[in-house]
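Summary of the model geometry
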Amino acid sequence: IDRVLLPFDLDGNDRPNIVEIATGSDDFNILVMALSAAGLVETVQGLEDITVFAPTDAAFTQLALDLGLDPDTTGDDAVFEFIAGALAGLDPDGNPIPLLTDILLYHVSVGAKSAAALENLGTVETVFGTSFGVDGTELIDGEPDIENPNIVIPDILGGNGTIQAIDRVLIPIDIPGNETGETIEGTNGRDHLVGTSGDDEIFGLKGKDKLFGGDGDDALFGGAGRDLLAGGAGDDHLSGGWGRDYFDFRDLDGNDTVKDLSSRDKVIISTDDFSNRHELFAAIQQDGDDAVIQTEQGSITLEDVEVAHLNPHIFIFA
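Because the structure is a prediction, the values reported are computed rather than measured. (Residues numbered from 1 in each chain as written. Predicted model: local features only at pLDDT ≥ 70, side-chain atom pairs only at ≥ 80, totals over all residues. Heavy atoms only, no water.)

**With respect to the overall build of the protein chain**
The line we're drawing: Helix and strand definitions follow DSSP, with helices as H or I runs of at least four residues and strands as E runs of at least two, each counted in order from the N terminus. For this measure, only C-alpha atoms enter the radius of gyration; the expected value for a globule follows 2.2 Å times N^0.38, where N is the number of residues. Note on exposure labels: buried denotes an accessible area under 20% of the residue type's maximum, exposed denotes more than 50%, and partly exposed covers the range between, all computed with a 1.4 Å probe on protein chains only. In this analysis, two residues are considered to be in contact whenever any of their non-hydrogen atoms come within 4.5 Å of each other. Using the Shrake-Rupley algorithm and a 1.4 Å probe, accessible areas are obtained, with residue cover drawn only from the displayed protein chains. Charge assignment: positive for Lys and Arg, negative for Asp and Glu; neither His nor the chain ends contribute. Charge positions come from single atoms, namely NZ of Lys, CZ of Arg, CG of Asp or CD of Glu.
When helices and strands are counted, the protein chain shows eight helices and 21 strands. Compactness check: the protein chain gives a C-alpha radius of gyration of 27 Å against a globular reference of 20 Å for 318 residues, more than 25% above the reference. For the protein chain, the spread of C-alpha atoms along the principal axes amounts to about 95 × 40 × 30 Å. Sorting the 318 residues of the protein chain into buried and exposed places 44% on the buried side. For the protein chain, restricting intrachain contacts to residue pairs at least 6 apart in sequence, the fraction spanning at least 24 positions comes to 39%. Accessible surface, the protein chain: about 16100 Å² in total, of which carbon and sulfur atoms supply 49%. For the protein chain, the separation between the mean place of its 15 positive charges and that of its 62 negative charges on side chains is 17 Å.

The following block contains the structure:
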């Protein structure tokens, strides 16, 4: 045999529990902050024979970046505060703790599981009450718009179970508002193209097309032909391309930019914003090389357009 058999439990040589391992490591500082904030330190210490899928500090930092953290922001405290703020924004009462608690419990599973055993399971049931999938070292959670975690440090043995260190945070829900955009292309005919709730790129190509951005910060390219472009909600960039195009701002909700306004194009303005050309031109401001129309719902920037040379007849009020 490869070690001596002992008939009794030696005093003073017990393995540290999972929380103690995390606390003593430089890789899990933010995880310990999160457990403390959620009041789960004693809970995890008291559980026996468990597996904790432990996000590293780099995993929490990546989540914060995915949710919009300024890349120049550094430090574990700043990352945790940003994530807590993002979770608070998803709670009706502005309290991050309920969702933080759910996310942490989604990382705990009853039964100590090795990385090799996990590959054969297919799914893992969690203390939170829902499961996530397993595909090799990849863990497939409930958030489709953020990359899935992978086990990067397997089989860290603790006194009350096993740690599987992962490179991203497991998310049990589809977080609203962070949908990734799509690239949508038309044909050479008359296309009606509608974006998703993410940040889309929509290309009309040739033909008389109608392009609608939907939610998100979209980029619309009409291409050749007589096109209608409407950005929708978000800060959108609109390029008509060749042909006489219509830029529709009747449902403006954000700060939109027309990249290539020409004398042949038309700009459709809501009568809720301006009832006539006189009201409109009184509100247009020159901002450097651009003309800017400010409304209560947002702004319209006409790139490389001088107000003094702007033809009032390109505007339609509807």
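**Remarks on the sheet that holds strand E21 (residues 315-317)**
Pairing between the strands of a sheet comes from backbone hydrogen bonds, and it takes one of two forms, parallel or antiparallel. Applicable threshold: A pair of strands counts as paired when DSSP detects no fewer than two bridges linking them. Lines fitted to C-alpha atoms define the axes, with helix axes restricted to the stretch in contact, and inter-axis angles between N-to-C directions lie between 0 and 180 degrees.
The sheet built from six strands is open, its strands ordered E9-E11-E13-E15-E17-E21 with parallel pairing. Edge strands, defined here as strands with exactly one partner in the open sheet, are strand E9 (192-194) and E21. The mean inter-strand angle of the sheet, taken between neighbouring strand axes irrespective of direction, is 15°. Note: E9 against strand E11 (residues 210-212), three bridges, orientation parallel. Across the sheet, the residue bridging to Leu193 is Leu211, located in E11.

**Brief notes about a positive patch on the surface**
Let me state the cut-off plainly: Patch membership requires more than 30% relative accessible area and the absence of a salt bridge. Residues of like charge join within 9 Å; the nonpolar side chains Val, Leu, Ile, Met, Phe, Trp and Tyr join within 5 Å. Whenever a carboxyl oxygen of Asp or Glu lies within 4 Å of a side-chain nitrogen of Lys or Arg, that contact is scored as a salt bridge.
A cluster of basic residues, Arg190, Lys208, Lys210, Arg226 and Arg244, forms a positive patch on the protein surface. Among the structural elements, Arg190 can be located in the loop between strand E8 (183-185) and E9.

**Focus: the pattern of salt bridges**
Pairing is possible between side chains of opposite charge, provided their charged atoms come close. Taken as a whole and assessed by the stated rule, the structure comprises four salt bridges. Notably, a salt bridge pairs Asp66 with Arg168, separated by 2.7 Å at the nearest N-O pair. With Asp66 in helix H4 (residues 57-66) and Arg168 in the loop between strand E7 (161-166) and E8, the pair connects residues that are 102 residues apart, well separated along the chain. Taking relative accessible area as the criterion, Asp66 reaches 30% and is therefore assigned partly exposed. Linking Lys259 and Glu303 is a salt bridge whose minimum nitrogen-to-oxygen distance equals 3.2 Å.

**Comments concerning the packing of aromatic side chains**
Defined as follows: Aromatic rings from Phe, Tyr and Trp, with only the six-membered ring used for Trp, were paired whenever their centres fell within 6.5 Å, and each pair was classed as stacked if the ring planes differed by under 30 degrees, edge-to-face if by over 60, and tilted otherwise.
Summed over all chains, the structure comprises five aromatic pairs. Measuring from centroid to centroid gives 6.1 Å for Tyr106 and Phe128, while their planes differ by 90°, and the two rings are edge-to-face. Of the two residues, Tyr106 sits in the loop between helix H6 (97-105) and strand E2 (108-110) while Phe128 sits in the loop between strand E3 (123-125) and strand E4 (131-135), which places them 22 residues apart along the sequence. For Phe128, a relative accessible area of 28% translates into the label partly exposed. Ring centres of Tyr106 and Phe132 lie 5.7 Å apart, and the angle between their planes is 75°; on these two criteria the pair is classed as edge-to-face. Taken together, the positions of Tyr106 in the loop between H6 and E2 and Phe132 in strand E4 put the pair 26 residues apart, joining distant regions of the chain.

**Here's the deal with the packing of H4 against helix H5 (residues 76-88)**
Quick note on the threshold: For classification, angles of less than 35 degrees are called roughly parallel, those exceeding 145 degrees roughly antiparallel, those between 65 and 115 degrees roughly perpendicular, and all remaining angles oblique. Crossing chirality is assigned from the near helix's rotation relative to the far helix, an anticlockwise turn below a right angle marking it left-handed and a clockwise turn marking it right-handed. Any residue that is not Ala, Val, Leu, Ile, Met, Phe, Trp, Tyr, Cys, Pro, Asp, Glu, Lys or Arg is counted as polar, Gly included; the first ten are nonpolar and the last four charged.
At a closest axis distance of 9 Å, the pairing of H4 and H5 adopts a crossing angle of 50°. Put simply, H4 runs oblique to H5. When you trace H4 past H5, the crossing you get is left-handed. Contact with H4, carried on its side by Asp57, Phe60, Thr61, Leu63 and Ala64, involves Asp76, Val79, Phe82 and Ile83 of H5 and no other residues of that element. When its residues are assigned to classes, the contact of H4 with H5 shows six nonpolar, one polar and two charged.

**Digging into the pairing of E7**
Counting buried residues in E7 gives six out of six residues, a clear majority hidden from the surface. By the bridge criterion, six bridges tie strand E1 (residues 50-55) to E7 in an arrangement that is parallel. Note on E7: the bridge partner recorded for Pro55 is Ile166. Between strand E6 (residues 151-158) and E7, which pair antiparallel and follow one another directly, the connecting turn spans two residues.

**Digging into H4**
In an α-helix, one turn spans 3.6 residues, which is why side chains three or four residues apart end up on the same side. Here is the rule: Arc definition: directions from the helix axis to the C-beta atoms.
All of the buried residues along H4 are Asp57, Ala59, Phe60, Leu63 and Ala64. Buried residues of H4, seen end-on, are gathered within an arc of 160° and therefore sit on one face of the element. Immediately beyond the C-terminal end of H4, within one or two residues, lies Gly68, with a positive phi of roughly 115°.

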